[in-house]
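# Examining the three-dimensional arrangement
What follows is the residue order along each chain.
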Amino acid sequence: TTPALPPKTSPVATLTVSGKQFEKDSYTNITPTIIKQMSRKLHQQKCHPIYLIKERIVSYFYKKYIGRTGNPVFSVYDNLDPIVTTHQNFDSLLVPHNHSSRLKSDSYYLNSNYMLRAHTTAHQSDLIASGLDNFLIVGDVYRRDTVDSTHYPVFHQCDAVRLQTQHELFPEEYGLNVFEKKPDRRTDDKQAEHTVDAVRILSYQLKTTLQDLAKALFGQDVEYRWVEAYFPFTHPSWELEIKHNGEWLELLGCGIMEHQIVAKAGAGDRIGWAFGLGLERVAMRVYDIPDIRLFWSTDPSFTKQFTVDDPHTPIKYQPVSVYPICVNDISFWIPPEGEFNSNDFFDIVRSVGGDMIEEVSLVDQFLHPKKMMKSHCYRITYRHMERTLTKNEVNKVHNEIGCKAVEALGVDLRV
Ligand code: FA5
Ligand code: MG
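Report follows, based on the coordinates. (Residues numbered from 1 in each chain as written. Chains lettered and ligands numbered in written order. Predicted model: local features only at pLDDT ≥ 70, side-chain atom pairs only at ≥ 80, totals over all residues. Heavy atoms only, no water.)

## Observations concerning the overall build of the chain
Stated precisely, the cut-off is as follows: For the purposes of this entry, the term helix denotes a DSSP run of H or I that reaches at least four residues, the term strand denotes a run of E that reaches at least two, and both are numbered from the N terminus. Here the term buried applies to any residue with accessible area under 20% of the maximum for its type, exposed to any over 50%, and partly exposed to those in between, with areas from a 1.4 Å probe on protein chains only. Areas reported here follow the Shrake-Rupley algorithm with a probe of radius 1.4 Å; residue values treat only the protein chains shown as occluding. Only four residue types enter the tally: Lys and Arg on the positive side, Asp and Glu on the negative side; His and the chain ends are excluded. By convention, the charge on Lys lies at NZ, on Arg at CZ, on Asp at CG and on Glu at CD.
Scanning the chain from N- to C-terminus turns up eleven helices and 15 strands. Taking all 415 residues of the chain together, 48% fall into the buried category. As displayed, the chain has an accessible area near 21200 Å², and 51% of this comes from carbon and sulfur atoms. Looking at charge distribution, the chain has the averaged site of its 46 positive side-chain charges lying 2 Å from that of its 52 negative ones.

Written as structure tokens, this is what we have:
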């Protein structure tokens, strides 16, 4: 008999990100452009607007909540790894298995188990389990999204959690309880475990804390309103909106933490509130920054304007100059089999064009009645924040985007 051959080991493709190796699988969709941006850490660069807004929020919380010995009650975590498990980002927060935010088309995955956090809330449960009651999390978050002046695939969030015990919330003489003796009915206003009294006082604390934060950031006369919202990890939930250029702009989401999450993390004797806020939204309004791509600029004419010692120094961004736009359309037939998602095309545009891309939008689509084939037309607006682009330069990138789309998405370019 012939000796058995050693088993064939099929080489697994791997990916190295932040010095760690990940096995690629059908979920892998992280791009080299995104990997490069992970090292920028804008919220840790002194004299960057995102850093300055972080400092202002932290200083507000340090002053607002002071312990018995005069020290701040909140601690700050702004250096947690943006690579998290899908368990941290979704399961630990009770995000349902069929929730659309889990789709490959919405998040950046290293593989089916690891992803770039899509919100800083991903760390909430671990920090509670480590014994913390009051904390802020600040970090870069990643979402596959549309491309325009207020959306960028990387942005920054600040989350907060404040947990309180029966004893801390209600002094004995009040005769009030945080928890129902036996879980009650869940209603629009509260969870089954919580009493009406506890939810009333906690939502008052939460809302006044956030209204006052908005006033501290935007000025005492900022117009704001509360809107009912839904998050899988809080109930009840709200969003705070502020008036910006005559329109309501969503600033943050918040609510009373789901008791199941708090209890699972080992703090079942506490009730908590939490919120998550977008730092770019705040910085754009505080400093009059017109385009979200500017945060990624390394041009000294941008960074110089934010070089201050005191984060409370009033600053209004002075645009250096505005360079002309160059608009180019691209049309293609969608491959008949398989699912095509516009976000896949947006990623290609970003990867090839980088910060030359101001906007990409789907301007036309139609179905060929005979061939039964679908066609999409995208309009790409090219503009660099720091120089005038030449026609030649734009055409080269535009053609390359076309080639990449053919290669990676199997589309058929129309000429
Ligand atoms: C969340 O991410 C929740 N984790 C917030 C939360 C935390 C709720 C804790 C309750 C308790 P949402 O996807 O709405 O929610 O994002 C929160 C904030 O981030 C938004 O209000 C907005 O200010 C900012 N944000 C969201 N998407 C973008 C984007 N594409 N560009 C810039 N800012 C964004
Ligand atoms: Mg929202």
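## Structural notes on the site of ligand 1
Short version of the rule: Only a single heavy atom is needed: when it lies within 4 Å of a molecule or strand, its residue is near that molecule or strand. Within 3.5 Å is the distance limit for a polar contact, defined as a pair of N or O atoms, with the added protein rule that one can donate a hydrogen and the other accept it, and that residues adjacent in sequence qualify only through two side-chain atoms. Ten residue types, Ala, Val, Leu, Ile, Met, Phe, Trp, Tyr, Cys and Pro, are classed as nonpolar, four, Asp, Glu, Lys and Arg, as charged, and the remainder, Gly among them, as polar.
The local shell around ligand 1 holds 22 residues, among which His119, Thr121, Arg143, Glu250 and Leu251 are the closest. For ligand 1, a nitrogen atom lies 2.9 Å from a polar atom in the side chain of histidine 119. Interatomic distance of 3.4 Å between a backbone N/O atom of leucine 252 and an oxygen atom of ligand 1. Considering ligand 1 on its own, with 670 Å² of exposed area, one finds that the protein chains cover 92% of that surface. When residues of the shell around ligand 1 are traced back to their parent elements, those giving at least two are strand E7 (154-165), strand E10 (247-257) and strand E11 (270-278). At five residues, E10 tops the list of elements feeding residues into the shell around ligand 1. Class assignment of the residues belonging to the shell around ligand 1 gives a composition of eight nonpolar, nine polar and five charged.

## Digging into the pairing of strand E2 (residues 20-23)
Rules: Note: two strands are recorded as paired if DSSP finds a minimum of 2 bridges between them.
With four bridges connecting them, strand E1 (residues 14-17) and E2 associate as antiparallel partners. Across the sheet, the residue bridging to leucine 15 is phenylalanine 22, located in E2. Here E1 folds back onto E2 in antiparallel fashion, the turn holding two residues, of which serine 18 has a positive phi close to 50°.

## Overview of the sheet that holds E7
Which entries qualify depends on this criterion: What counts as an axis is a line fitted to C-alpha atoms, over the stretch in contact for a helix, and the angles between N-to-C directions run from 0 to 180 degrees. Here, residues are in contact when the closest pair of their heavy atoms is within 4.5 Å.
The seven strands lie next to each other as E3-E6-E7-E11-E10-E9-E8, forming an open sheet whose pairing is mixed. Here the strands that pair on one side only, and so sit at the sheet edges, are strand E3 (75-77) and strand E8 (224-231). Neighbour-to-neighbour, the strand axes of the sheet open up by a mean angle of 25°, direction not taken into account. Across nine bridges, the pairing between strand E6 (residues 134-142) and E7 is antiparallel. Among the inter-strand pairings, phenylalanine 135 is bridged to a residue of E7, identified as valine 161. Where helix H6 (residues 196-218) meets the sheet, it contacts E7, E8, strand E9 (234-244), E10 and E11, and its direction lies at approximately 25° from that of E11.

## Some thoughts on the environment of serine 149
Checked against the element boundaries, serine 149 lands in the loop between E6 and E7. In the structure, serine 149 is positioned 211 residues away from valine 360 in sequence and 11 Å away in space, judged by C-alpha atoms. The contacts of serine 149, once residues within four sequence positions are left out, are Met284, Pro290, Asp291 and Ile292.

## Points about the sheet that holds strand E12 (residues 326-333)
Taken in spatial order, the four strands make up an open sheet running E13-E14-E12-E15, and their pairing is antiparallel. A single partner strand is all that each edge strand has here, and the edge strands are strand E13 (357-368) and strand E15 (412-413). The strands touched by helix H11 (residues 391-409) are E12, strand E14 (373-382) and E15; relative to E12, the strand with the most contacts, the crossing angle is about 20°.

## Quick look at the packing of helix H10 (residues 342-353) against H11
The description of two helices packed together rests on the angle between their axes and the distance between the axes. This is how the line gets drawn: Oblique is the label for every angle not falling under 35 degrees (roughly parallel), over 145 degrees (roughly antiparallel), or within 65 to 115 degrees (roughly perpendicular). It is the rotation of the near helix from the far one that decides the hand of a crossing: anticlockwise by less than a right angle makes it left-handed, clockwise makes it right-handed.
Closest axis-to-axis distance for the H10/H11 pair is 9 Å, and the angle between their directions is 135°. On the basis of their axis angle, the class for H10 and H11 is oblique. Relative to H11, H10 is oriented so that their crossing is right-handed. In this structure, H10 uses Asp344, Phe345, Ile348, Val349, Val352 and Gly353 to contact H11, whose residues at the interface are Val397, Glu400, Ile401, Lys404, Ala405, Ala408 and Leu409. Tallied by class, the residues present in the contact of H10 with H11 amount to nine nonpolar, one polar and three charged.

## Side note on the packing of aromatic side chains
Worth spelling out the cut-off: Working definition: rings of Phe, Tyr and Trp (its six-membered ring) pair if their centres are within 6.5 Å, and the pair is stacked with planes under 30 degrees apart, edge-to-face with planes over 60 apart, and tilted otherwise. Either the NZ atom of lysine or the CZ atom of arginine qualifies as a charge over a ring when it sits within 6 Å of the ring centre and within 35 degrees of the ring normal.
For the coordinates displayed, the defined rule picks out 19 aromatic pairs. Taking the ring centre of phenylalanine 218 as reference, the NZ or CZ of arginine 285 above it sits at 5.0 Å. One cation-aromatic arrangement involves arginine 414 over tryptophan 333; the distance from NZ or CZ to the ring centre is 4.8 Å.

## Considering the pattern of salt bridges
When the charged atoms of two side chains lie near each other, side chains of opposite charge can form a pair. Formally: Definition used for salt bridges: Asp or Glu carboxyl oxygen within 4 Å of a side-chain nitrogen of Lys or Arg.
This structure, assessed with the given rule, holds 20 salt bridges. One salt bridge connects lysine 243 with glutamate 223, and the closest N-O pair in it is separated by 3.7 Å. Here the residue lysine 243 occupies a position in strand E9, and glutamate 223 occupies one in the loop between H6 and E8, the gap between them amounting to 20 residues. By relative accessible area, glutamate 223 is classed as partly exposed at 46%. It is possible to trace a salt-bridge network through shared partners that takes in Asp291, Arg293, Glu358 and Arg383.

## Observations regarding H6
In an α-helix, one turn spans 3.6 residues, which is why side chains three or four residues apart end up on the same side. Heads up, the condition is: Helix span, expected: 1.5 Å multiplied by one less than the number of residues in the helix.
With 23 residues, H6 extends 33 Å from end C-alpha to end C-alpha; this agrees with the ideal 33 Å at 1.5 Å per step. Positive phi shows up at glycine 219, right after H6, with a value of about 110°.

## Description of the side chain of histidine 123
By secondary structure assignment, the location of histidine 123 is in the loop between strand E5 (114-116) and helix H4 (124-129). Using a relative accessible area of 6% as the deciding quantity, one classes histidine 123 as buried. Setting aside chain neighbours within four positions, we find histidine 123 in contact with Leu80, Asp81, Val84, Arg117 and Ile137.

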